[in-house]
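An overview of the molecular structure
Chain by chain, the residues run as shown.
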Amino acid sequence: MSQSINYANPAPLGLMGFGMTTVLLNIHNAGFFPISAMILAMGLCYGGIAQIIAGILEFKKGNTFGLTAFTSYGFFWISLVALLLFPQLGNEGVTQATPHAFMAWYLVMWGMFTAFMFVGTLRGNRVLQFIFGSLTVLFFLLAIRDFTGSELIGHIAGYEGIVCGLSAIYLAMAEVINEQYGRTVLPIGER
């Protein structure tokens, strides 16, 4: 007789890691504060490591989308922190920051990945669709900023990124609260 194991939902952990880190980085992008160790630490620990853990737990649940999303974006955050820190370390061959136009291509690649992941949300709830749709727009706005050097586009991207991050925080808390109460307290636009 096989026994069914009921695992906890790891998605709220991944969504919070993504959401909070995205909000904080985009407060910087919007022009409110310079980049700081706080943003880098959040990117490494909560945006990076916590999302990777959530992705691995999604694997255990058999959720390919969750595995791919959380693990990929976790490594995005770790790679972004590395891109910002490596030039500071002065290692041979990595003494200068990535040129803006090349950084734009990094963001284009993440935008393309996110656009494909957005297609995967079309069978999911509306908040998840909004998160991936707005994240796609964010990556492409940031790429345009780096291609053009436009501070205005960077600030627009920052505000758009704050909204994207807040939507992920909302979905994370909706999943936790709705599960705790056994009913819909915070609606997510179920299909």
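This section reports on the structure supplied with the text.

Criteria and thresholds
Residues numbered from 1 in each chain as written. Predicted model: local features only at pLDDT ≥ 70, side-chain atom pairs only at ≥ 80, totals over all residues. Heavy atoms only, no water. Helix = DSSP H or I, 4+ residues; strand = E, 2+ residues; numbered from the N terminus. Polar contact = N/O pair within 3.5 Å; in protein donor to acceptor, adjacent residues only side chain to side chain. Contact = heavy atoms within 4.5 Å. Core = buried A, V, L, I, M, F, W, Y, C linked by side-chain atoms within 4.5 Å. Buried < 20%, exposed > 50% of the residue type's maximum accessible area, 1.4 Å probe, protein only.

1. Description of the side chain of T71
By the secondary structure assignment, T71 is in helix 3 (residues 64-89). Polar contacts involving the side chain of T71 include one to the main-chain carbonyl oxygen of L67, which spans 2.8 Å. Setting aside its immediate chain neighbours within four residues, T71 contacts Q51, I52, G55, I56 and G66.

2. Digging into the side chain of N178
Its location among the elements puts N178 in helix 6 (residues 151-181). In this structure the side chain of N178 is engaged in a polar contact, spanning 2.8 Å, whose partner is the backbone nitrogen of V185. Polar contacts involving the side chain of N178 include one to the main-chain carbonyl oxygen of L186, which spans 2.9 Å. Not counting chain neighbours up to four residues away, the residues in contact with N178 comprise R183, T184, V185 and L186.

3. Overview of the environment of L142
Structurally, L142 can be placed in helix 5 (residues 126-148). In the structure, L142 is positioned 35 residues away from L107 in sequence and 6.8 Å away in space, judged by C-alpha atoms. Residues within four places of L142 in sequence aside, it is in contact with N29, L107 and A157.

4. Remarks on the nonpolar core
Of all hydrophobic cores here, the largest spans 39 residues; its most connected members are L15, Y73 and I131. Elements represented by at least two residues in this core include exactly helix 1 (11-29), helix 2 (37-61), helix 3, helix 4 (100-121), helix 5 and helix 6. The biggest single contributor to this core is helix 5, with ten residues. Other than its neighbours up to four places away in sequence, Y73 contacts G47, Q51, W110, F113, T114, M117, F132, L135 and F139.

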